[in-house]
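The lines below spell out each chain.
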Amino acid sequence: MDPARLRISVPVVAAALAVAACGSSERKKAEIVPPPPPQEGTYKVGEPYDIDGITYRPAVDEEYDEIGIASWYGPKFHGKRTGNGEIFDMNAVSAAHQTLPMPSMVRVVNLENGRSLAVRINDRGPFVRGRIIDMSRRGAQLLGFRYKGTAEVRVRIMPEESRRVAEIARRTPPPAAVAMPADGVVFEPLPQSIGPVETASLPAPGAPAGRVYIQAGAFLNPENADKVKEALAPLGHAVTARRGDGSLLYRVLLGPFADIARARSLLAAVSARSRTDAKIVSD
């Protein structure tokens, strides 16, 4: 081969490879959503507080051991502050609890499949009757109930590990106050058809409690709740239920359903129309 041609062709090939690599890198960047930067929160127990007429009393409890329902939360809270000032990362293992100190370490056992996971508590919740812990999306994945939405679990405190994470958090200064944006919902054009679905109507006044619903969302702004409610009209009768704790939080519920299986069959359709992270709840 002519040396002159070789000298020309090598840079040309190198440039072509660089362009291809750059394009591949750009595609990868577009496909990956990095988690928010890690941030240590402060240690917090907190004062008693009321939600929906129930008083919760946060306290150190090294004998905590309870069986109940676990749920999970994710996209709507990703990147926002947790109850002790950390940045919530739905792709990391963490959880919300009503009364345990933040942070605390607990072992969560899914009693439906036997999976067990050590989890760090750094947030408050859940505030739905019968639920005792709200897992991050990643935690729900590892415990095997992300797509189901809820699971019966056993939650036990890990005393030694809880003391260790508490000591680390006590050495962390409180985060600066941050103004949180008002909640909002972006509505895209709805699909013309999402296939056959089940519908359900709300119970008549005085109907017995304990039924299963799909919660399409919870909003501070009642107009956003109404928009979701209207979007769900083709699926059945939805209602906007205002929480009674003075927090002005409006929940959009579809149901009730006779059992979780029926609600689960409609869950994907509700998420598609409401453009929210819908989940199954019980009342």
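Everything below is about the structure shown above.
Residues numbered from 1 in each chain as written. Predicted model: local features only at pLDDT ≥ 70, side-chain atom pairs only at ≥ 80, totals over all residues. Heavy atoms only, no water.

### As for the sheet that holds strand β3 (residues 65-73)
Definition in use: By this definition, two strands are paired if DSSP reports at least two bridges between them. Only runs of H or I of at least four residues qualify as helices and only runs of E of at least two qualify as strands under DSSP, and these elements are numbered from the N terminus.
Reading around the circumference, β3-β7-β4-β6-β5-β8 is the order of the six strands in this closed barrel, with mixed pairing throughout. Across two bridges, strand β4 (residues 95-96) lies against strand β6 (residues 116-123) in parallel orientation. Paired with A96 across the strands is D123, a residue of β6.

### Structural notes on the packing of aromatic side chains
Each pair of aromatic rings is reported with the distance of its centres and the angle of its planes. Selection criterion: In this analysis, rings of Phe, Tyr and Trp, with Trp reduced to its six-membered ring, are considered paired at centre separations within 6.5 Å, and the interplanar angle assigns stacked below 30 degrees, edge-to-face beyond 60, and tilted for intermediate values. Only protein chains enter the calculation, and the probe is 1.4 Å; a residue is then buried if its accessible area is under 20% of its type maximum, exposed if over 50%, and partly exposed in between. Criterion for a charge above a ring: Lys NZ or Arg CZ within 6 Å of the ring centre, and within 35 degrees of the ring normal.
Evaluation of the coordinates by the stated rule reveals five aromatic pairs. Centre to centre, the rings of Y73 and F77 are 5.5 Å apart; their planes meet at 75°, and the pair counts as edge-to-face. Exposure remark for Y73: the relative accessible area of 6% places this residue in the buried category. F77 gets classed as partly exposed once you look at its relative accessible area, which sits at 40%. Within the aromatic cluster, the residues linked to one another by ring pairs are Y49, Y56 and F127. R170 extends its terminal NZ or CZ atom over the ring of Y43, reaching a point 4.1 Å from the ring centre.

### Looking at helix α5 (residues 260-274)
Put simply, the rule reads: The length a helix should cover is 1.5 Å for every residue beyond the first. Every residue pair with non-hydrogen atoms within 4.5 Å of one another is taken to be in contact.
Here α5 is 15 residues long and its end C-alpha atoms lie 20 Å apart, about the 21 Å a rise of 1.5 Å per residue gives. When α5 is considered as a whole, its buried residues turn out to be A263, L266, L267, A269, V270, R273 and S274. Looking at the buried positions of α5, the neighbouring elements they touch are β9 (212-219), α4 (222-231), β11 (250-257) and β12 (279-282). Remark: R275 follows α5 within two positions and exhibits a positive phi of approximately 55°.

### Let's talk about the pairing of β9
A regular strand places its side chains so that they alternate between the two faces of the sheet. Among the eight residues of β9, seven are classified as buried, and the element is accordingly described as predominantly covered. One ladder, built from six bridges, connects β9 with β11; its direction is antiparallel. Each bridged residue has a counterpart across the sheet, and for G217 the counterpart in β11 is V252. Bridge analysis of β9 against β12 gives four bridges, and the strand direction is antiparallel.

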